[in-house]
Amino acid sequence: MTKVKKALITAAGILFWLIVWQIAAVRLNSKILLVSPAEVVKRLAELVPTGGFWRSVLFSAGRILLGFALGLSCGCLLAWGMGKSRVIRALLSPLISAMKSIPVASFTILALIWIGSKDLSVLVSFLICVPIVCANMLEGIDSLDPKLKEMSGVFKIPLGRRFIGVYLSQLLPYFRSASRLAIGLCWKSGVAAEVIGIPDGSIGEKLFESKVYLETADLFAWTLAIILLSWLCEKVFVTLIGLLQRRVERM
Amino acid sequence: MLKAVNITKKFGDNTVLDNFSREFADGRVTAVLGKSGCGKSTLLNVLMGLIKPDGGEILRGENERISAVFQEDRLCENLTASANIRLVTGRRYTREQIAAELAAVGLADCADKPVRELSGGMKRRTALLRALLAEYDTLFLDEPFKGLDADTKRIVLDYCRRKTEGKTVVFVTHDRDECAAFADEIIELGAED
């Protein structure tokens, strides 16, 4: 299937659901229960030129992405340790499994007690990101081909070149899928944490306010902004990893 | 200098190599010929130091560099054919030189293709080229022409002969024609399957 055809099919799918949404909004005829897509876009267009919108975006995006970056680094480091040592693996496996199953709300309340609300989303994004990255990278490390390691030894390939050509080239696909999954979840959990902790000037605070004042159009507009930001972050990050993969592929 | 002295290797109750001794002549291509399962690959791996023998020893020059085509291709699937070679050669060859060498074995369009997209025969030739372009004193080849059609094999054999002139090569095969075309000396391992 060509790229254009794929894009057209995706666009048709989106259009279908927008029409369903529009019809539902017209039939309900209640701006508190459901606003129409056009009203959401109009509200978002009103918010975007304001300084408050960008301050909230910067506040939340900065913290969520910081948590994501720290989670990526820590997840990779833990996976490396678990791949290297059976003792570390035995010690950390239950912790990683527990982190995967603990609800975001529990993390959030615990984080509120520990660090307060301002940097709440950093910690929550971090805690969500670590087990995803760690599990994916560990799977990659476990599937590293030992015969390639032996080959590197026979040819006495220098360490740096060996790391890039033999290990990184095998692990990048795992890193790519881990970060793709984690970045979306970091946004979701980070904003959810902000709604619970209500740090001043965050997107979560805006969502909370829209709930309190029954501003459904605001709620939808901010939600759309979060979806777009999350999508943009994922696209940028995955593109960067793709570029790195192509660079490694050609060495 | 490469010498195997009283090499014995068992896998369980199966004795694959029994007191095998042989000196491999410097600067010559020695073929190890035999049927599948007779211990050719085991002997090659013992000579390379990848498998520890149960008895005997391998005598090799100090700091001797080796190169190899393994039983499997052992290529990095996510690297291009050219990058797989550069991984081993470093900057001794430019991209253009590697592309020219690839073209010489019929892989003109494969330099920038990831190995995962290549056919079995293409991968084998890439693995062979990687071994031939590496810096080595002794070259070990385990069925290097496996999966090549007759015409390609002829081209590759000719290329190998040119590239290994004056080099010490130990080469494992079950094909007498390959021995005749490439080897200076032949060792026949007699065990049956």
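Residues numbered from 1 in each chain as written. Chains lettered and ligands numbered in written order. Predicted model: local features only at pLDDT ≥ 70, side-chain atom pairs only at ≥ 80, totals over all residues. Heavy atoms only, no water.

1. Focus on the overall build of chain B
Piece 1. The number of helices and strands found in chain B is six helices and eight strands.
Piece 2. What you see for chain B is a C-alpha radius of gyration of 17 Å, in line with the 16 Å of a compact globule of 193 residues.
Piece 3. Considered along the principal axes of its C-alpha atoms, chain B spans approximately 45 × 35 × 30 Å.
Piece 4. Here chain B, with 193 residues, has 54% of them falling under the buried criterion. (Helix = DSSP H or I, 4+ residues; strand = E, 2+ residues; numbered from the N terminus. Rg over C-alpha atoms; globule rule 2.2 N^0.38 Å. Buried < 20%, exposed > 50% of the residue type's maximum accessible area, 1.4 Å probe, protein only.)

2. A look at the environment of Glu209(A)
Piece 1. Among the structural elements, Glu209(A) can be located in helix H9 (residues 203-212).
Piece 2. Taking C-alpha positions, Glu209(A) is 9.4 Å from Ile198(A), a pair spaced eleven residues apart along the chain.

3. A look at the packing of helix H3 (residues 51-84) of chain A against helix H6 (residues 120-142) of chain A
All names here are of chain A.
Piece 1. Between H3 and H6, whose axes approach to 6 Å, the crossing angle comes to 35°. By crossing handedness, the relation of H3 to H6 is classed as right-handed.
Piece 2. The residue makeup of the contact of H3 with H6, split by class, is 20 nonpolar, six polar and one charged. (Axes fitted to C-alpha atoms, helices over the stretch in contact; angles between N-to-C directions. Left-handed = near helix turned anticlockwise from the far one by under 90°. Nonpolar A, V, L, I, M, F, W, Y, C, P; charged D, E, K, R; others polar.)

4. Regarding the interface of chain A and chain B
Piece 1. Taken together, the contact pairs 18 residues of chain A with 26 residues of chain B.
Piece 2. Considering only the surface of chain A that becomes buried against chain B, Val154(A), Phe155(A) and Glu249(A) emerge as the three largest contributors, covering 35% of it.
Piece 3. Remark: the boundary between chain A and chain B carries three salt bridges.
Piece 4. Close ionic contact of Glu249(A) with Arg116(B) constitutes a salt bridge, the shortest N to O distance being 3.4 Å. (Contact = heavy atoms within 4.5 Å. Buried area = accessible area lost by both parts, 1.4 Å probe. Salt bridge = Lys/Arg side-chain N within 4 Å of Asp/Glu carboxyl O.)

5. A look at the domain arrangement of chain A
Residues and elements named next belong to chain A.
Piece 1. The domain boundaries assigned to chain A delineate domain 1 (1-30) and domain 2 (35-250).
Piece 2. If you average the C-alpha positions of domain 1 and of domain 2, the two centres end up 28 Å apart.
Piece 3. In this assembly, four residues from domain 1 lie in contact with six residues from domain 2.
Piece 4. Both sides together, the interface formed by domain 1 and domain 2 hides about 400 Å², and carbon and sulfur atoms give 71% of it.
Piece 5. Its largest share of buried area at the contact with domain 2, domain 1 owes to Trp21, Gln22 and Ala25, together 85% of the area lost on that side.
Piece 6. Scanning the region where domain 1 abuts domain 2 turns up zero salt bridges. (Domains from an automatic or database assignment.)

6. Regarding the confidence of the model for chain A
Piece 1. Of all residues in chain A, 100% have pLDDT values of 70 or greater, and the mean over the chain is 93.
Piece 2. By mean pLDDT, helix H5 (residues 104-115) of chain A is the weakest element of chain A at 88, and H3(A) is the strongest at 96. (pLDDT = per-residue confidence, 0-100.)

7. Here we look at the packing of aromatic side chains
Piece 1. A complete count under the given rule lists ten aromatic pairs over all chains for this structure.
Piece 2. Relative to Trp17(A), the ring of Phe16(A) lies with its centre 5.0 Å away and its plane at 80°, an arrangement referred to as edge-to-face.
Piece 3. Under the relative-accessibility criterion, Trp17(A) is labelled exposed at 59%.
Piece 4. Plain terms: the ring middles of Phe145(B) and Phe182(B) are 6.0 Å apart, the flat faces sit at 80° to each other, and that makes the pair edge-to-face. Of this pair, Phe145(B) sits in the loop between strand E6 (138-142) and helix H5 (150-163) while Phe182(B) is found in helix H6 (residues 176-182), placing the two residues 37 residues apart along the sequence.
Piece 5. With a relative accessible area of 1%, Phe145(B) lands in the buried category.
Piece 6. The exposure class assigned to Phe182(B) is buried, which follows from its relative accessible area of 4%. (Phe/Tyr/Trp six-rings, centres within 6.5 Å; stacked < 30°, edge-to-face > 60°.)

8. Examining the sheet that holds strand E2 (residues 14-24) of chain B
Across a sheet, paired strands are connected by hydrogen bonds in the backbone, their directions being either parallel or antiparallel.
Residues and elements named next belong to chain B.
Piece 1. An order of E2-E1-E4 is seen for the three strands of this open sheet, with the pairing classed as antiparallel. A strand with exactly one partner marks an edge of an open sheet, and here the two such strands are E2 and strand E4 (55-60). For this sheet, the mean angle separating the axes of adjacent strands, direction not counted, is 20°.
Piece 2. Relative to E4, strand E1 (residues 2-11) is paired through five bridges, and the arrangement is antiparallel. Within E4, the position partnered with Val5 by the bridge is Glu57.
Piece 3. Sitting on the sheet, helix H1 (residues 40-48) is in contact with E1, E2 and E4, with an inclination near 55° to E2. (Pairing = 2+ DSSP bridges.)

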